[in-house]
Amino acid sequence: MTKLGTHVLGLSMSSHDRSACLLRDGAIVAAIAEERLDRRKRSQGFYANAGRDLVLPPFAALAYVLRAGGIGLDEVALVVCGRSIGSARHVLLDYLPVLPERVMEPPLPGHHLAHAYAAFATAPFEDPAILVIDEQGHQRPDGAFEKCSFFLGEGGRVMPLRHFFGTGSDLSLGMFYNVFAAACGLGEAGLPAGGKLMGLAAYGRSRPDWPQLIDIDYDSGNTHIPLPRLLAFLDSVGCLRESSDGAMPGCAGLQALLWSLRPLAWNDPLAASLARKAQDELERAIVAVSAALRRSAGRDTLVYAGGVALNCLANARLREAGLRDVFVHPAATDDGNAIGLAYWGWIDCLAQPRPVPGPMSPFLGRQYAIHEIEDAFSHFGLERAFERGASLDDVADDLVDGRIVCWFEGRSEWGPRALGARSIVADPTRKGVAERINETIKFREPFRPFALSGTREALEQLVDLDSVPPGLRPYMLATTAVRDGRLDPVRHADGSVRVQVVDPDQQPRWFHLIQCFAERSGVGAVLNTSFNTLGEPLVESPLDAVRQFLLSDADRLLIGDYTLDRRALVGEFAERAMTLAWSQTAFDPLSIALGLEDAGYWEKALMVLSENRKRLQAEGLYGERAVAFFSLNVRIAQKQGRTDEATRNAAAVLRHLRFPADAMSAAHTLMQTGTEENASIAALLSLLCGESGLAALKFALARTNNVEPQ
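Below or above, wherever it landed, is the structure these notes cover. Given the structure is predicted, the values throughout are model-derived calculations rather than measurements. (Residues numbered from 1 in each chain as written. Predicted model: local features only at pLDDT ≥ 70, side-chain atom pairs only at ≥ 80, totals over all residues. Heavy atoms only, no water.)

1. Considering the environment of E457
Stated formally: Each helix corresponds to a stretch of at least 4 residues labelled H or I by DSSP, and each strand to a stretch of at least 2 residues labelled E; elements are numbered beginning at the N terminus. Type-normalised accessible area, obtained with a 1.4 Å probe on protein chains alone, sets the label of each residue: buried when under 20%, exposed when over 50%, and partly exposed for intermediate values. Any pair of nitrogen or oxygen atoms within 3.5 Å is treated as a polar contact; in protein, a donor-acceptor pairing is required on top of that, and neighbouring residues in sequence qualify only through side-chain atoms on both sides.
Summarising the element assignment, E457 is placed in helix α15 (residues 456–462). Given the relative accessible area of 46%, E457 is considered partly exposed. Along the sequence, E457 and V501 sit 44 residues apart, while their C-alpha atoms lie 9.2 Å from each other. A distance of 3.2 Å separates the side chain of E457 from the side chain of R456, its partner in a polar contact.

Quick look at the structure:
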């Protein structure tokens, strides 16, 4: 049956972070990022062997929000699409059966306008200043791109105030930060991972001998990051490869710079200091930019979006710009633009009013039915293992006993922060809890920080809550200093922690769990981190939750009032459930294993390889994939001291590199000679086959000569 009302569909079609949002009469019915459904982090939407100009619409997210609204595509009055860099409308019309007159796109450049509408339409302030900072928005015909924009909320609409454009030789703040993430070897889904860099920064030391890299015009709020200066700095610290003629790479833009990087390992002390450098410079710039906007706009409330707006450390300093309060849209990256595009269509195209300002609920996923929860357990053969009628008192007892709980409640969160709908929960006072979650449940780098979710009254005593702008407190988008020594297990290296103040009216069950825990522990807050493991996105469905729980080492899963205890997973049915969970994991096992090794968990990488060896062999191992597989086995065997196994895998690497016999013979001869010749062959082989192939070749040749590998 058709639902009464006017529906607007927003579709964010950037090459990453695709998403959909459905409005009914100006209210959000549902919004979801494509990655939650296709289970691919960042959900890049272009074909593997094609350029990024053709980006597919977020079809799964589109179907999801329409189903949540109980309508079909033909009942949507207006479809609004957009993406970064270029236009999206022509692609959408090629792929979506909808009349052209019902499809709109903001005029270019309009990427930052969509970010601005996402923040403005969901903000609790009447007429705020609006700030957008990201890596890059739309490009003008001359190649310049949106890097930072100022807007005003005025009369229920977004009004442009000032735009700043970057060029191939003058980078944005988002580009600057991502370059440092890439230089420190921090990536995610093939893209630089700025969020990881933020966590690593706390472990670095300040280097006053390093030059200032960002120039700031304090009057206008513009920033300048000259690419030649950045290149010279990266070269001085050893993070650039030399070109074939020994010269530094030219100023051909961000992509050329990323290609020319020689990434460090994240556990290199230099990487931590580079992360600290990037964070310090970014914070200084954002405070200055925000202060300039406040003066230009004459407003003391700020709403903020764009990928840079997820930097919790910088957000904690925004009051230094003279602002009374701040709101950051919870999905500040391009996924959030689905909401912004929908509201641009509602307000600017249909001439409808902005929603009445008030606190935004970030719980925009759909509600799952009881039968979907029971079907998820049955899918894995766990009908006899789960229980119904779970008591929050029992869960709180588990937390006090040091057990770790995967928590699934109601509609999923919008954005990357777990806010008590899809969370992993633990006692924040228990020694070693952070290490256990990183090492056995999340399988992520050990420097990654954690957060607290608590009652306002408790957090006022436990942390410096006054330093967090009120508009940021419900969304875990700022850090603050820990006051209570009992929280040392979750205190980050810089003494900070992220916080979420829980609203009992919006999240009664989550709030009640925290109260139950407080009655037992005397601490009115729990450790809260996102419910995901092995590099996947946050879980969305009950099926995701059961599968991810099986792949983790968490102790209890709670979905509504259904619970599954790890202690019930014994015997053959548990083994079958685990095997099925692995087989239905979207991620390639080899990619998972390589990621685990990179995060420092080679034992878990070995387990993943062992449990998925048949699957990997069935899918085929050849070319670069085979080299990566056998090289990983070389490194693991070396760590275990299994030299024969390492030698066999090294020989397999060489076979798949397809060196001709003459080249192998010449290499063998050169490897027996002196230091100068060894250096020459090492340089040659590193060009031919990369570091992993070089290591394998050295190992195999050294073993054939009965010498210890170097």
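Now that the structure has been shown, the text picks up again.
2. Quick word on the pattern of salt bridges
If charged atoms from side chains of opposite charge come close, those side chains can pair. Under the convention used in this document: Put simply, a salt bridge is a Lys or Arg side-chain nitrogen that is within 4 Å of an Asp or Glu carboxyl oxygen.
Overall, the coordinates contain 43 salt bridges when judged by the stated rule. The residue E281 makes a salt bridge to K277 at a minimum N-O spacing of 2.7 Å. Residue E281 and its partner K277 are both found in helix α9 (residues 269–297); the two are separated by four residues, about one turn of the helix. Under the relative-accessibility criterion, E281 is labelled buried at 5%. Here the residues in one salt-bridge network are D398, R403, R556, D565 and R567, joined through shared partners.

3. Quick word on unusual backbone geometry
Across the chain, the bulk of peptide bonds are trans and the bulk of non-glycine residues have phi less than zero. The residue after L108, namely P109, is reached through a cis peptide bond having omega -5°. Within the chain, D25 stands out as a residue other than glycine whose phi angle is a positive 50°. Relative to the helices and strands, D25 resides in the loop between β2 (19–24) and β3 (27–33). The partly exposed category is assigned to D25, whose relative accessible area is 47%.

4. Overview of the packing of helix α19 (residues 589–599) against helix α20 (residues 602–611)
Our working rule: Lines fitted to C-alpha atoms define the axes, with helix axes restricted to the stretch in contact, and inter-axis angles between N-to-C directions lie between 0 and 180 degrees. Here is the rule for angles: anything less than 35 degrees is roughly parallel, anything more than 145 is roughly antiparallel, 65 through 115 is roughly perpendicular, and the remaining ranges are oblique. Residue contacts follow a heavy-atom distance rule, with two residues in contact if any of their heavy atoms lie within 4.5 Å. Under the grouping applied here, Gly and all other residues not named as nonpolar or charged are polar, the nonpolar ones being Ala, Val, Leu, Ile, Met, Phe, Trp, Tyr, Cys and Pro and the charged ones Asp, Glu, Lys and Arg.
Viewed as axis vectors pointing N to C, α19 and α20 meet at an angle of 170°, and their least axial separation amounts to 7 Å. Taken together, the axis directions place α19 and α20 in an arrangement best described as roughly antiparallel. For the pair formed by α19 and α20, the contact residues are P589, L590, I592, A593, L596 and E597 on the first element and W602, K604, A605, V608 and L609 on the second. Class assignment of the residues belonging to the contact of α19 with α20 gives a composition of nine nonpolar, no polar and two charged.

5. What to know about the pairing of strand β20 (residues 496–501)
Stated formally: Each pair of strands is called paired provided DSSP finds at least two bridges between the two strands.
Of all the six residues making up β20, six are buried; the element is thus mostly covered by neighbouring parts of the structure. Where strand β18 (residues 451–454) meets β20, four bridges bridge the pair, whose relative direction is parallel. Within β20, the position partnered with L452 by the bridge is V499. Inspection of the sheet shows strand β19 (residues 479–481) paired to β20 by three bridges, in the antiparallel sense. Along β20, the bridge assignment pairs T480 with V497.

6. Some points on the side chain of N311
For N311, the position within the fold is in the loop between β13 (301–305) and α10 (312–315). Looking at N311, the relative accessible area reads 4%, which means it is buried. Contacts of N311, omitting those with residues within four sequence positions, involve Y177, M198, Q279 and L282.

7. Here we look at the sheet that holds strand β17 (residues 422–426)
Within the open sheet, the nine strands sit side by side as β15-β23-β22-β16-β17-β21-β18-β20-β19. Their pairing is mixed. Strand pairing shows two members of the sheet lacking a second neighbour, β15 (387–388) and β19, which therefore form its edges. Two elements, strand β16 (residues 405–408) and strand β22 (residues 556–559), share four bridges in a ladder whose sense is parallel. Bridging from a neighbouring strand, W407 pairs with L558 of β22. The strands touched by helix α13 (residues 392–400) are β16, β17, β21 (525–530) and β22; relative to β22, the strand with the most contacts, the crossing angle is about 150°.

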